[in-house]
Amino acid sequence: MKTVKATMILAVMFTAIVFQSCQKNEVEPPAGQENIMPERFVVDIPNSISSYSYYKDSNIDTLQGNDIYNHLRTFIYVGENAAGIVGDIILSISLYNLSQPMSFSFTSESDGRLKTVVITENAFFEDYTWQYKLTMTDEGPEAIENTALQVFWDKNPIKGAAIMNPYYIDHNTDPKFMETMYRIDYSETGELGYTYHMIVTIDGLPLEDPLDNPYSVSTLKMFVGKNGDLVSVYGNTEHPNAIFFNGESGFDWAFTAAGKNSTDIGVAEVGLPSNTLNSSDRYTLLVENSIENVFTEQIYEVWPWIDSTSVQSYLYNTQAPGFFDHDGFVQGGTAPSPEYNPLISIIAGLTPYNPLVINQLEVEFD
């Protein structure tokens with residue numbers, strides 16, 4: 001499972017910030033006019049529950065909670081970085097101090113292709129009229145125009161939706177990501193009970209050969225909400241080829257998590273339902289399909305004669321929830337200290353998405 005992160009990391013890390021090559025003059029907006037671009041589009045997540053890392057003590061040959069939970073940290077990290085890339089592109093555009101709708105073209109120094117940016121007002125999208133819309137298209141030597149980025153937003157309070165194809169942003173991206181799409185929904189309106197929130201969706205990630213890596217990810221969707229020092233996260237990653245013990249394939253990492261920025265601690269609960277399970281019930285997703293329950297059921301199905309002591313040893317640290325600090329996974333089941341208790345209370349009120357909805361999810365441009 002170590003290689004599960006590689007494809008996802010590539011999908012976000014190969015994306016270049018092409019607006020750095022735009023030759024448009026950087027001037028201040030005319031007097032009395034402000035920059036129309038949003039200043040923010042990302043919610044930061046504590047490192048305790050979002051990190052590009054993998055840990056496994058090679059001296060212990062039992063399956064520990066960190067073998068599941070640390071993959072979760074990687075998935076959350078990839079989602080956060082996808083949002084960060086989109087946010088950086090929006091920030092790069094804002095550096096040109098755009099004060100009104102306009103259009104311009106430039107040749108990207110990264111991939112040498114012509115990019116055209118069009119900004120309009122009063123754009124209707126998904127039953128809502130947005131204050132502004134930005135569309136960036138990519139046109140190469142073949143003179144075929146492909147949408148690379150769309151952003152819909154309101155300026156005050158900031159609210160918006162950004163959709164991006166990393167391949168058309170930068171053709172130096174591996175072509176296997178041609179069908180990969182990101183979407184970031186961001187809001188500071190407080191309509192969901194958070195001061196800031198974002199929803200990150202990634203679809204069309206290329207699956208690796210299941211003989212090499214059955215745990216590669218096709219789709220990710222997660223919600224991130226922030227109030228003060230506390231961050232709430234929930235969502236799903238889909239693994240169509242995932243297999244554990246009994247040969248059944250197709251699972252969903254369904255998760256809830258919470259972290260505290262000031263102390264960099266976190267708590268997470270993970271379920272492993274079928275990726276086609278049609279349920280939005282928290283108990284079904286996270287309790288009936290907990291790591292411990294799914295693994296225990298499959299182990300006894302395959303080896304009904306196995307010694308229960310051996311099974312408990314094998315499932316060491318798979319109990320929920322999992323606890324984290326700045327170094328990563330600490331333990332499962334029992335909180336290391338009382339300071340984790342508020343985070344436990346937070347995740348008890350969070351529910352992942354319906355796995356079947358994630359299975360059928362598609363991210364598309366307007």
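Rules used throughout
- Residues numbered from 1 in each chain as written.
- Predicted model: local features only at pLDDT ≥ 70, side-chain atom pairs only at ≥ 80, totals over all residues.
- Heavy atoms only, no water.
- Phe/Tyr/Trp six-rings, centres within 6.5 Å; stacked < 30°, edge-to-face > 60°.
- Helix = DSSP H or I, 4+ residues; strand = E, 2+ residues; numbered from the N terminus.
- Lys NZ or Arg CZ within 6 Å of the ring centre and 35° of its normal.
- Contact = heavy atoms within 4.5 Å.
- Buried < 20%, exposed > 50% of the residue type's maximum accessible area, 1.4 Å probe, protein only.
- Pairing = 2+ DSSP bridges.

Chemist: It is not clear to me how the packing of aromatic side chains should be interpreted in this structure. Could you clarify?
Modeler: Aromatic ring pairs are defined here through the distance separating the ring centres and the angle between the ring planes. All chains considered together, the criterion is met by 20 aromatic pairs. Here F245 and Y314 contribute two aromatic rings whose centre-to-centre distance is 5.9 Å and whose plane-to-plane angle is 65°, an arrangement assigned as edge-to-face. Remark: Y314 occurs in helix α6 (residues 308–314) and F245 occurs in the loop between β9 (230–243) and β10 (249–260); sequence separation between them is 69 residues. Within the aromatic cluster, the residues linked to one another by ring pairs are F75, Y215, F244, F245, F251, W253, F295, W303 and Y314. Directly above the ring of Y128 sits K159, whose terminal nitrogen or CZ lies 4.9 Å from the centroid. The ring of Y353 carries K221 above its face, with NZ or CZ at 4.6 Å from the centroid.

Chemist: Would you take a moment to explain unusual backbone geometry for this structure?
Modeler: Most peptide bonds adopt trans geometry, and most residues besides glycine take a negative phi value. Omega for the peptide link from N156 to P157 comes to -5°, which places this bond in the cis form. Here P157 shows up in the loop between β4 (145–154) and β5 (159–164). Here the amide bond leading from A320 into P321 is cis, since omega sits at -5°, within 30 degrees of zero. Here N122, not a glycine, exhibits a phi torsion of approximately 50°, which is positive.

Chemist: What is the right way to read the environment of F223 from this model?
Modeler: Looking at where F223 falls in the secondary structure, it is placed in strand β8 (residues 219–227). Sequence spacing of F223 and H197 is 26 residues, and the spatial spacing of their C-alpha atoms is 7.4 Å. If we skip the residues at most four places from it in the chain, F223 touches L192, Y194, H197, M198, I199, S232, V233, Y234 and Y353.

Chemist: How do you make sense of the pairing of β5 when you look at a structure like this?
Modeler: Taken residue by residue, a regular strand's side chains alternate between the two faces of the sheet. Across the six residues that make up β5, a large majority, five, are buried. Note: β4 against β5, six bridges, orientation antiparallel. Within β5, the residue paired with Q150 across the bridge is I163. Counting the residues between successive antiparallel strands, the hairpin from β4 to β5 contains four residues.

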